[in-house]
Amino acid sequence: MLGEKQEKKERLGLLLGVIGVFCFSLTLPTTRIAVEYFGPTVVGLGRTVIASVLVAIVLLIRREKLPSAKQFKGLIVVALGAVLGFPLLTSWAMERLPASHGAVVVALLPLATAGCAMLRARELPSFKYWVASVVGFLAVIAYAFHLGFGQLQYADFALLAAVIILAFSYAEGGLLARDLGAWQVIAWALVIAVPFIVVPVLMNVTGEMLHAPLKAWISFIYLAVVSQFLAYVAWYSGLAMGGISRVSQMQYLQPFLMILFSALLLNESITLFTIATSVIVVLSVMVGKNAPVRKVQATSHSKSMK
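Remember, predicted model here, so these are calculated numbers, not experimental data. (Residues numbered from 1 in each chain as written. Predicted model: local features only at pLDDT ≥ 70, side-chain atom pairs only at ≥ 80, totals over all residues. Heavy atoms only, no water.)

**Q** Please explain unusual backbone geometry as it appears in this structure.
**A** The general pattern is negative phi for most residues beyond glycine and trans for most peptide bonds. Backbone geometry at R63 places phi at a positive 55°, although glycine is not the residue there. Tracing the sequence through the fold places R63 in the loop between α2 (27-62) and α3 (69-94). We note that N267 has phi near 60°; this positive angle belongs to a residue other than glycine. (Helix = DSSP H or I, 4+ residues; strand = E, 2+ residues; numbered from the N terminus.)

Here it is in structure tokens:
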């Protein structure tokens, strides 16, 4: 009986993980739509204001206890990455690049997260990890050069920076989730960040935005309600119920779903070069994430201090 319940729980966790990946896959295409009418600041930070109101209500209803001082420090890292850095940088980049282009770069995220998690846990990535990382990175750079007619664009650097920032945020959030709870991590990060972004958002709101088409408003609301909160709830809950190693494999679908949605929602042309690059990056991520690691050995000095 217990085995059957556990199996159902794991299946539900896998389903939630797939839902989370599906929701995240719409983030760049909807950002591309919304940013044309609202600008990167309102899209990148304004969605946090709306999401923070929702999570504040949930936190109050559930009477969640306040994070400790130690947890608060970690939540600042999560807020800087998942709530501020990644949305703002990707919104700025989506003003200048196709969403399918962003999908290829963001495909490096699981590999970058694995590396940050290893460093955070004081583990040394293996040679296999570094080879996979270099292959994936070079594939992304080659793709960016190809689309940029022989040169990298500033938006490419913004996307790479967004990936690195979010990777650190994910790694820190993964550690916090053990004590604080899965969805509570992003919830508290949103609440912590919102006082610092209300003024910049209001300064960039204009009357013309009220006349934005329905597709822009739907995209913006999607980013605020789903991408910034509900998708994280599904994803973190899925990891907790279905197992991190099993559910996290669903991330390999994300770049291909992003490319598909870019074609469907934005009429972007998808070339064989885009698909081939995505395959190379995903394969490098698969190899790198499963590469062995070893713990950093304590020095003789630190041992003598114990």
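**Q** Would you mind showing me how to read the packing of α2 against helix α10 (residues 214-242) here?
**A** For any two helices packed against each other, one specifies the crossing angle of their axes together with the interaxial distance. The contact between α2 and α10 brings their axes to 7 Å, and the two run at 45°. Classified by the angle their axes make, α2 and α10 are oblique. For the crossing formed where α2 meets α10, the hand is right-handed. The residue inventory of the contact of α2 with α10, partitioned by class, reads 18 nonpolar, eight polar and two charged. (Axes fitted to C-alpha atoms, helices over the stretch in contact; angles between N-to-C directions. Parallel < 35°, antiparallel > 145°, perpendicular 65-115°, else oblique. Left-handed = near helix turned anticlockwise from the far one by under 90°. Nonpolar A, V, L, I, M, F, W, Y, C, P; charged D, E, K, R; others polar.)

**Q** Help me out: how do you make sense of the side chain of E268 in this one?
**A** Within the fold, E268 resides in the loop between α12 (254-266) and α13 (272-289). Lacking a salt bridge, the buried E268 has R32 as its closest oppositely charged neighbour, with an N-O distance of 4.5 Å. For E268, the side chain forms a polar contact with the main-chain nitrogen of A99, separated by 2.8 Å. In terms of polar contacts, E268 uses its side chain to reach the side chain of S100, at 2.9 Å. Discounting residues that sit within four places of it in the chain, E268 has contacts with R32, P98, A99, S100, S262 and A263. (Buried < 20%, exposed > 50% of the residue type's maximum accessible area, 1.4 Å probe, protein only. Lys, Arg positive; Asp, Glu negative; His and termini not counted. Salt bridge = Lys/Arg side-chain N within 4 Å of Asp/Glu carboxyl O. Polar contact = N/O pair within 3.5 Å; in protein donor to acceptor, adjacent residues only side chain to side chain. Contact = heavy atoms within 4.5 Å.)

**Q** How do you make sense of the packing of aromatic side chains when you look at a structure like this?
**A** Any two aromatic rings considered together are summarised by their centre-to-centre distance and by the angle between their planes. Enumeration over the complete set of coordinates arrives at six aromatic pairs. With a centroid separation of 5.3 Å and 75° between ring planes, the pair formed by Y129 and W130 is classed as edge-to-face. Classification of W130 as partly exposed rests on a relative accessible area of 46%. Cluster of aromatic residues (ring-pair linked, three or more members): F38, W217 and F220. (Phe/Tyr/Trp six-rings, centres within 6.5 Å; stacked < 30°, edge-to-face > 60°.)

**Q** What is the right way to look at the environment of A158 in this model?
**A** Position of A158 relative to the elements: it lies in helix α7 (residues 154-180). Of the residues examined, A158 reaches a relative accessible area of 7% and is grouped as buried. Separated by 18 residues in sequence, A158 and V140 have C-alpha atoms that sit 13 Å apart. Excluding its chain neighbours within four sequence positions, the residues that come into contact with A158 are L89, W92 and A93.

**Q** What should I look at first to understand the packing of helix α5 (residues 109-120) against helix α6 (residues 127-147) in this one?
**A** Running from N to C, α5 and α6 cross one another at 145°; their axes reach a closest spacing of 11 Å. The handedness of the crossing between α5 and α6 is left-handed. Across the interface between the two elements, L111, A114, G115 and M118 from α5 touch Y129, A132 and S133 from α6. Among the residues making up the contact of α5 with α6, the classes are represented as five nonpolar, two polar and no charged.

**Q** Hey, could you run me through the confidence of the model for the protein in this one?
**A** Interpreting fine coordinate detail is not advised for predicted regions of low pLDDT. When pLDDT is averaged along the protein, the result is 86, and 93% of the positions lie at 70 or above. Per-element averaging of pLDDT across the protein places helix α14 (residues 300-305) at the bottom with 42 and α2 at the top with 94. Below pLDDT 50 for its whole length, residues 298-306 participates in one contact with residues either more than four positions away or in separate chains. (pLDDT = per-residue confidence, 0-100.)

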